[in-house]
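Residue-level structure breakdown
The residues making up each chain are set out below.
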Amino acid sequence: MPIPSGGFVPQHQKEYPGNATPFVLATCIVAAMGGLIFGYDIGISGGVTSMPSFLKEFFPSVYKKEELDTSTNQYCKFNSETVTLFTSTLYVTALLASLVASTVTRKLGRRRSMLFGGLLFCSGAIINAFAQNVAMLIIGRALLGFGVGFANQSVPLYLAEMAPYKYRGALNIVFQLSITIGILVANVVNYFFAKIYDWGWRLSLGGATIPAMIIIIGSIVLPDTPNSLIERGMYDKAIENLRRIRGIKEVDKEFNDLVEASKASNKVDHPWRNLVERKYRPHLTMAIAIPFFQQFTGINIIMFYAPVLFKTIGFHDNASLMSAVITGAFNVLATFVSIYGVDKWGRRLLFLQGGVQMLICQVVVAIFIGVKFGVSGNPAAQLPQWYAMLIVLCICLYVCAFAWSWGPLAWLVPSEIFPLEIRSAAQSINVSVNMFFTFVVAQVFLTMLCHLKFGLFLFFAFFIFVMSVFIYFFLTETKGIPIEEMSIVWKNHWFWCRFIPDNDDNDLEMAKNRQPPKSIN
Ligand code: BGC
């Protein structure tokens, strides 16, 4: 059975005049900074939960187990429900907020959603910095989560709408880049603040107010997107903004298309109901499978718990936090590979190459940890330092593979395959599935490590194998294909073709029959 590689060449490409003006680039970069708040949270909790003074104050039983009982099983040292709850509450509230945010973003504009996100986030950071008990910690994390939900919903949308057509892929990945920068900054902050023994963790948690201020100020000074202004009936302002963004006067064609697209999307009364129609089966499958698989690469085990994991391997406090900084730096650098290659080599190649590399690394890490701790979890003998360094190297190679494949692509691919009439609903599903499984992995990781031991890495290796097979057989290449022609890729696909009715050329017809632009003065 021939399996199309996805080498579909579009028949015609939509072209809008306009430049990548410094104004639009600056605007997109400021907006992409919204990813910082998400990244900062991902990176900060692992380091903080490995700081003895923090554990002593809020989780004394974990502290005692870690500090005093040296004979305890290494795999189970950090296993505590409340510690994981501290990390994972954020993702539950982010999930809820991303559902609410889609309405706020649509009715009040993308900027207001960002502002709202920044304010909630800032209040969470302040509560955390002054926390006196576990309840304050969890409430603070919950508020941070609401902020992240709003930002993750509105920022990618803002970027997609502001970015010049030809640079949309690369600018979308700038959002992921700012997530990785947020993680790295958090790792560095933890490294230094851990040295202030008694209250360094307060500075780490309170530091989140800085990315929050960036998004608050950003959302006040940034212009609203033309799409959002049109959606809210502000046509004059929309065309004025579009001219400014594109740096030219002749924006009629794009403006007319935006108006047309907005009318078409307003006609859809039930995007959620549409989504379950048979012809959207490939889209719905991807909206659920891609974020699910992204989380089952096991990446957040490294992102949340790297310092804890490195301590488990036998590193001291400082070395553990430093290793987290190193993996964080690889995460940032490798994201540039994706920005460079995504429109050259295509999505499938990156997904598959990344998958193979991650799979090999997970198996090797499982073997290394298994040899060191066996099943009992007690280190067999003092293993040389190069042994621990090799584990860190494998983890870095794994992080790199993720950073140029599943990291950015799990956000990019869903955003480009949904047709307009289901885009908002499908995107909400994408974000909430992602948050839900981030929560699940964060919540059960320490317990799973305790029970599955080194086999935990084999567990994720298995999922990486399954997701690579899934991509090979079920995802078509979307590189260089205009969004309105996307339905053809599914129609040409060996499996998905059966779900797309023969007469379903709506999107393509819309593109072909587009009216000549009206003149707008
Ligand atoms: C994922 C996060 C992950 C981050 C790591 C993002 O794409 O959604 O869960 O922590 O990448 O860089």
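This write-up is about the structure you can find in this document. (Residues numbered from 1 in each chain as written. Predicted model: local features only at pLDDT ≥ 70, side-chain atom pairs only at ≥ 80, totals over all residues. Heavy atoms only, no water.)

Take the overall build of the protein next. Scanning the protein for helices and strands turns up 24 helices and zero strands. Counting the 521 residues in the protein, one finds 60% classified as buried. Pairs at least 24 apart in sequence give 82% of the contacts found in the protein among residues at least 6 apart. In the structure as shown, the protein presents an accessible area of about 20600 Å², 67% of it carried by carbon and sulfur atoms. (Helix = DSSP H or I, 4+ residues; strand = E, 2+ residues; numbered from the N terminus. Buried < 20%, exposed > 50% of the residue type's maximum accessible area, 1.4 Å probe, protein only. Contact = heavy atoms within 4.5 Å. Areas by Shrake-Rupley, 256 points an atom, 1.4 Å probe, with all protein chains shown as cover.)

It is the contact of helix H15 (residues 281-295) with helix H22 (residues 455-474), at a shortest axis distance of 10 Å, that shows an interaxial angle of 150 degrees. The orientation of H15 with respect to H22, classified from their angle, is roughly antiparallel. Here the hand of the crossing between H15 and H22 comes out left-handed. The residues of H22 that touch H15, namely those facing Thr285, Met286, Ala289, Phe292, Phe293 and Gln295, are Phe460, Phe463, Val466, Met467, Phe470 and Phe474. (Axes fitted to C-alpha atoms, helices over the stretch in contact; angles between N-to-C directions. Parallel < 35°, antiparallel > 145°, perpendicular 65-115°, else oblique. Left-handed = near helix turned anticlockwise from the far one by under 90°.)

This part takes up the site of the ligand. Contacts to the ligand come from 13 residues, most closely from Gln176, Gln294, Asn300, Asn331 and Trp411. Taking Gln294, its side chain carries an N or O atom lying 2.9 Å from an oxygen atom of the ligand. The side chain of Asn331 places a nitrogen or oxygen atom 3.0 Å from an oxygen atom of the ligand. Here the ligand loses 100% of its free accessible area of 310 Å² to cover by the protein chains. Sorting elements by how many residues they give to the shell around the ligand places helix H8 (residues 168-193) first, with three residues. A breakdown of the residues in the shell around the ligand according to their chemical character gives five nonpolar, eight polar and no charged. (Near = heavy atom within 4 Å. Polar contact = N/O pair within 3.5 Å; in protein donor to acceptor, adjacent residues only side chain to side chain. Nonpolar A, V, L, I, M, F, W, Y, C, P; charged D, E, K, R; others polar.)

Another aspect to go through is the packing of H15 against helix H20 (residues 406-417). Where H15 contacts H20, the two axes come as close as 10 Å, and the packing angle between them is 170 degrees. It follows that H15 is roughly antiparallel to H20 by the angle criterion. Seen along the crossing, H15 lies across H20 with a hand that is left-handed. Residue-level contacts link His283, Met286, Ile290, Phe293 and Gln294 of H15 to Trp406, Gly407, Ala410, Trp411, Val413, Pro414 and Ile417 of H20. Class assignment of the residues belonging to the contact of H15 with H20 gives a composition of nine nonpolar, three polar and no charged.

Following the sequence through the fold, Glu277 ends up in the loop between helix H14 (271-275) and H15. In the structure, Glu277 is positioned 222 residues away from Phe499 in sequence and 9.6 Å away in space, judged by C-alpha atoms.

Right, let's talk about a nonpolar patch on the surface for a bit. Together, Met213, Ile217, Ile220 and Val221 make up an exposed nonpolar region whose accessible area comes to about 390 Å². One can find Ile220 in helix H10 (residues 209-221). (Patch = residues over 30% accessible without salt bridge, like charges linked within 9 Å, V, L, I, M, F, W, Y side chains within 5 Å. Salt bridge = Lys/Arg side-chain N within 4 Å of Asp/Glu carboxyl O.)

So, about the environment of Lys372. Here Lys372 lies in helix H18 (residues 347-373). Residue classification places Lys372 among the buried positions, given a relative accessible area of 10%. A sequence separation of 16 residues divides Lys372 from Ala388, and the C-alpha atoms of the two residues are 9.5 Å apart.

This part takes up the pattern of salt bridges. Applying the stated criterion across every chain yields a total of eight salt bridges. Here Lys237 and Glu240 are joined by a salt bridge, their closest N and O atoms 3.9 Å apart. Here Glu240 and Lys237 lie together in helix H12 (residues 235-246), a separation of three residues that amounts to about one turn. Here Glu240 falls in the partly exposed class, since its relative accessible area comes to 47%. Arg246 is paired through a salt bridge with Glu254; the nearest N and O atoms lie 3.0 Å apart. A single network of salt bridges, built from pairs that share partners, joins Asp343, Arg347 and Glu416.

Looking now at the side chain of Ser98. Within the secondary structure layout, Ser98 lies in helix H5 (residues 81-108). Residue classification places Ser98 among the buried residues on the basis of a relative accessible area of 0%. If sequence neighbours within four positions are ignored, Ser98 has contacts with Gly149, Gln153, Ser428, Val431 and Ser432.

Next up on the list: H15. With 15 residues, H15 ought to run about 21 Å at 1.5 Å a step, and its terminal C-alpha atoms sit 22 Å apart, in line with that. The buried fraction of H15 is high, at 11 of 15 residues. Those residues of H15 lying buried are Pro282, His283, Leu284, Met286, Ala287, Ala289, Ile290, Pro291, Phe293, Gln294 and Gln295. (Expected span 1.5 Å × (residues − 1).)

This brings us to the environment of Gly39. Positionally, Gly39 belongs in helix H2 (residues 34-48). Relative accessible area serves as the criterion here: at 0%, Gly39 is assigned to the buried category. Spatially, the C-alpha atoms of Gly39 and Ile181 are 6.9 Å apart, while their sequence positions differ by 142 residues. Aside from chain neighbours lying at most four places away, what touches Gly39 is Ile179, Gly182 and Ile183.

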